Amino acid sequence: MNDVFVEQIIEKRQDLKSTLKKLGIVFAALLISSVFLVIGILRFIFPAVFALCMYGAFRFVKDQNIEFEYSFTNGELDIDRIIGRRKRKSELSVRVRKFEIMAPMVEKYRKEYETQNIVRIVDASSSPVSGSRWFARFNDDSGLTTLLIFEPNERLINAISKYIPGKLKQ
């Protein structure tokens, strides 16, 4: 078998909750800065406090931008979380041959991904309401039943299907 390498990046969509969180942080930074402006004795350090608060708010807002990178290499699926386009955290690394089932998250397979014995859920999708979400259920190295929720493109699905032909449902 030839070497197989497929890579895909999915950007997490911003919902109302994350947008409100960003606005709240910016408002809090402005509020903290204005306290130093109002109190007479502390006015001379206002520029420094304002700059620090705005920098902190900027970093926080930037860190709310999350992407997931799926890398598939010769039967190994690695999923990394990229935070603010500067930090990378490994979410999952699994041999796809461990998958018991991989299928789209549709009504037809609901009982497969809503079973009671799932201990760990890794959601690496753009949104809980995305129509292109797939799931894979498997036992990890410690024996825990894990549910992976992700959004593979056609190229990634085809690459994985070569390693798990009977377990991939369409």
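Coordinates for the structure precede this section.
Keep in mind it's a predicted model, so treat the numbers as computed, not measured.

## Re a nonpolar patch on the surface
A contiguous nonpolar patch, built from Val-35, Leu-37, Val-38, Ile-39, Ile-41 and Phe-44 and spanning about 630 Å² of accessible area, is present on the exposed surface. Mapped onto the elements of the fold, Ile-41 is located in the loop between helix H1 (16–38) and helix H2 (46–63). What makes Ile-41 exposed here is its relative accessible area of 70%.

## Details of unusual backbone geometry
Positive phi values are uncommon outside glycine, yet Asn-74 reaches one of about 45 degrees. Inspection of the secondary structure assignment puts Asn-74 in the loop between strand S2 (66–73) and strand S3 (76–83). Accessibility expressed as a relative area gives 27% for Asn-74, which makes it partly exposed. Even without being glycine, Arg-85 reaches a positive phi, approximately 55 degrees. Looking at the element boundaries, Arg-85 is found in the loop between S3 and strand S4 (87–95). Residue classification places Arg-85 among the exposed residues on the basis of a relative accessible area of 62%.

## Things to note about H2
For H2, which comprises 18 residues, the first-to-last C-alpha distance of 25 Å matches the rise-based estimate of 26 Å (1.5 Å per residue) to within 8%. Where H2 is concerned, the buried positions are Val-49, Cys-53, Ala-57 and Asp-63. Buried residues of H2, viewed axially, fall in a sector of 130 degrees; they line one side. Turned more than 90 degrees off the buried face of H2, the exposed positions are Pro-47 and Tyr-55. The inward-facing, buried residues of H2 abut H1, S2, S3 and S4.

## A look at the pairing of strand S1 (residues 5–11)
A one-sided burial pattern is seen for S1, the buried positions being Val-6, Gln-8 and Ile-10 and the unburied ones Phe-5, Glu-7, Ile-9 and Glu-11. In the sheet, S1 pairs with S2 via seven bridges, with the strands oriented antiparallel. Across the sheet, Gln-8 pairs through a bridge with Tyr-70, a residue of S2.

Analysis parameters
- Residues numbered from 1 in each chain as written.
- Predicted model: local features only at pLDDT ≥ 70, side-chain atom pairs only at ≥ 80, totals over all residues.
- Heavy atoms only, no water.
- Patch = residues over 30% accessible without salt bridge, like charges linked within 9 Å, V, L, I, M, F, W, Y side chains within 5 Å.
- Areas by Shrake-Rupley, 256 points an atom, 1.4 Å probe, with all protein chains shown as cover.
- Salt bridge = Lys/Arg side-chain N within 4 Å of Asp/Glu carboxyl O.
- Helix = DSSP H or I, 4+ residues; strand = E, 2+ residues; numbered from the N terminus.
- Buried < 20%, exposed > 50% of the residue type's maximum accessible area, 1.4 Å probe, protein only.
- Expected span 1.5 Å × (residues − 1).
- Arc of directions from axis to C-beta.
- Contact = heavy atoms within 4.5 Å.
- Pairing = 2+ DSSP bridges.

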